[in-house]
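# Descriptive structure summary
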Protein chains: 2
Amino acid sequence: MLASQSFEDLYPSRQGVHQFTPRHEPTVYAPNDRPAPIDREQIDAYAKDGFVVLDDLFSDVEIRMFQQEMERLTTGAKASGETITEPGSGEVRSIFRIHARSALFKKLAADPRLAELARYILNDEVYIHQSRLNYKPGFRGKEFYWHSDFETWHVEDGMPRMRALSMSITLTENFDFNGPLMLVPGSHRQFAACAGETPDDHFKASLKKQEYGVPSDDQLKQLIGRGSIVTAKCKPGSVIVFDCNVLHGSNGNITPAPRSNVFFVYNALTNRVGEPFCHQPARPEYICSRQHIVPLAN
Amino acid sequence: MLASQSFEDLYPSRQGVHQFTPRHEPTVYAPNDRPAPIDREQIDAYAKDGFVVLDDLFSDVEIRMFQQEMERLTTGAKASGETITEPGSGEVRSIFRIHARSALFKKLAADPRLAELARYILNDEVYIHQSRLNYKPGFRGKEFYWHSDFETWHVEDGMPRMRALSMSITLTENFDFNGPLMLVPGSHRQFAACAGETPDDHFKASLKKQEYGVPSDDQLKQLIGRGSIVTAKCKPGSVIVFDCNVLHGSNGNITPAPRSNVFFVYNALTNRVGEPFCHQPARPEYICSRQHIVPLAN
């Protein structure tokens, strides 16, 4: 096992104060003259808003294959380290490390439609920092509170820089009423340092319901302003691409329509994680790739 | 005190079985040749869907007056019989019987824009069966699960027939993301009898979180079908008019945008409540007008 590197903490958080720090890094790293794998306008929107929704990136046949693979992985799955269940109902909510468990999802992670775009935006080789299947059941799906992923990846995983992004591949329709992803345009341009410390083994509770590493009400009001929230309504087979520091969350879901997606986090190879900044043991490998860093094939 | 009448139970519920019964009554009682106080198309939509949203019925000045009156009534309000607070945060969620507490809201209840429409649809004199202020706070607003109001008014209040309707006057903007009212078009045409009995003093818990008198997952799937849900997005000053038996609910609200409305239930004078059908004591007067039946002035 390699000893992890220690980096300077450019984004201190959970040290008792709620405050904003300007972002040090660009959102799009690729030089402007390089041809983009999606429309230039979409790249510009991503840079400005911190996210972009790409419709119809996958065909119905592909989506059906992914859905069947999801069925296969979740059937009979019980709560364990790598499988998270809903508080209350016990239904499966997330299964982690799907790029290592499933040949199909391993291939999907490296699919040029996804990986080439990640390499373009981050202007580097990329690897999977985290992967999972998310399933928000109908009727009793719980909310997921506002957060920046980077805040957690930085503090708890030791990710040094904002040079990572997420892709959510939708397997069901995202209506406005079934707890779709909500994103706050422009929120990625500042880092919201959160108060509070990191409790021991925080990840076990935070994967169900995050209570630390969330912005204060005042910070949220400043970031969101009046009504500046985008709900990512889209059909199955769409991809929501979002920056590691964009503020996002989702309301609960009392409708019968479940919401599921495949979720990959791409990190730049030069941005691999070091020692956690919270002086706690590193989170397990299934939540944060630390030992198994495999650049995705071009 | 007058003894309440006993009526035949046309809509048995909470007697151990989940089942559907066809509706016995019309949705719009007024004869078709009578001039409607709103567009004919809106009346037809109400008859077909079980609800209609009327935009801009109240002016900005009126809305500001209602908001100030809401402030006045909720400031310093503590949880009591007539004031319901959020589970968890303790914030005020509802204040009941506002048509008796506030001269302004008493006048609003009888405003021709509302009361004349209620008289038209129900083709009768009308009185206020229930009134309240609803406030769904930002950040931690809880969901309200699917239900038909009539199911509760029938079982717990002894309302004999489907000849009542609700009007929700919006005081804040209803976005798609701040837990707006969701309604199921056409669901009012059948009665979903719910399983389970009515626990003692059920109203105290059900005003915070309803667990009895809610349809089963299967009933909800049948009523809602795939994606047939309408979210009532509208500006302040709009009025959502909905039939007593239309299925509705709302998701939680993690956004900073609170949602508040004034809520009146109009019942036909000939449909006044009798003995509860659940063989429990009648609910208090602030939830269900029983002693104080005052037809609204024309």
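Up top is the structure.
So, a few notes on the structure that sits alongside this text. (Residues numbered from 1 in each chain as written. Chains lettered and ligands numbered in written order. Predicted model: local features only at pLDDT ≥ 70, side-chain atom pairs only at ≥ 80, totals over all residues. Heavy atoms only, no water.)

### Digging into the pattern of salt bridges
- Evaluation of the coordinates by the stated rule reveals 34 salt bridges over all chains.
- In this structure, the salt-bridge partner of Asp157(A) is Arg283(A), at a minimum N-O distance of 2.8 Å. Taken together, the residues Asp157(A) in helix H6 (residues 149–157) and Arg283(A) in the segment after strand S13 (259–268) connect sequence positions 126 residues apart.
- Under the relative-accessibility criterion, Arg283(A) is labelled buried at 7%.
- Ionic pairing is found between Glu69(B) and Arg72(B), a salt bridge with its closest N-O pair at 3.1 Å. On the criterion of helical spacing, the pair formed by Glu69(B) and Arg72(B) is a turn pair, its members being three residues apart in helix H2 (residues 60–74).
- Of the residues examined, Glu69(B) reaches a relative accessible area of 11% and is grouped as buried.
- Judged by relative accessible area, which is 52%, Arg72(B) ranks as exposed. (Salt bridge = Lys/Arg side-chain N within 4 Å of Asp/Glu carboxyl O. Helix = DSSP H or I, 4+ residues; strand = E, 2+ residues; numbered from the N terminus. Buried < 20%, exposed > 50% of the residue type's maximum accessible area, 1.4 Å probe, protein only.)

### Concerning the sheet that holds strand S7 (residues 164–170) of chain A
All names here are of chain A.
- Pairing within the open sheet is antiparallel, and its seven strands lie in the order S2-S11-S7-S13-S5-S4-S3. Edge positions in the open sheet fall to strand S2 (51–54) and strand S3 (83–85), since each of these has one partner strand only. When strand polarity is set aside, the average angle formed by the axes of neighbouring strands in this sheet is 15 degrees.
- Sheet topology places strand S4 (residues 92–96) next to strand S5 (residues 126–136); three bridges connect them, and they run antiparallel. (Pairing = 2+ DSSP bridges. Axes fitted to C-alpha atoms, helices over the stretch in contact; angles between N-to-C directions.)

### Description of the side chain of Glu173(B)
All names here are of chain B.
- By the secondary structure assignment, Glu-173 is in the loop between strand S7 (164–170) and strand S8 (182–183).
- Here Glu-173 falls in the buried class, since its relative accessible area comes to 17%.
- Side-chain polar atoms of Glu-173 contact the side chain of Lys-235, separated by 3.3 Å. (Polar contact = N/O pair within 3.5 Å; in protein donor to acceptor, adjacent residues only side chain to side chain.)

### A closer look at the relation of the copies chain B and chain A
- The two copies are related by a screw motion: chain B maps onto chain A through a turn of 180 degrees and a shift of 0.0 Å along the axis, at an RMSD of 0.0 Å. The relationship between the two copies is best expressed as a two-fold rotation axis.
- Residue by residue, 100% of the interface of chain B is reproduced at the interface of chain A, so both copies engage with the same surface. (Least-squares fit on C-alpha atoms with pLDDT ≥ 70 in both. Contact = heavy atoms within 4.5 Å.)

### Focus: the sheet that holds strand S3 (residues 83–85) of chain B
Residue and element names in this part refer to chain B.
- An order of S2-S11-S7-S13-S5-S4-S3 is seen for the seven strands of this open sheet, with the pairing classed as antiparallel. Two strands lie at the open edges of the sheet, namely strand S2 (51–54) and S3, each paired on one side alone. Neighbour-to-neighbour, the strand axes of this sheet turn through a mean angle of 15 degrees, independent of strand direction.
- When S7 meets strand S13 (residues 259–268), the two strands line up antiparallel, connected through seven bridges. When the sheet's bridge partners are listed, Met-167 is paired in S13 with Phe-264.
- Most of the contacts of helix H6 (residues 149–157) go to strand S5 (residues 126–136), to which it runs at about 120 degrees, and overall it touches S5, S7, strand S11 (239–243) and S13.

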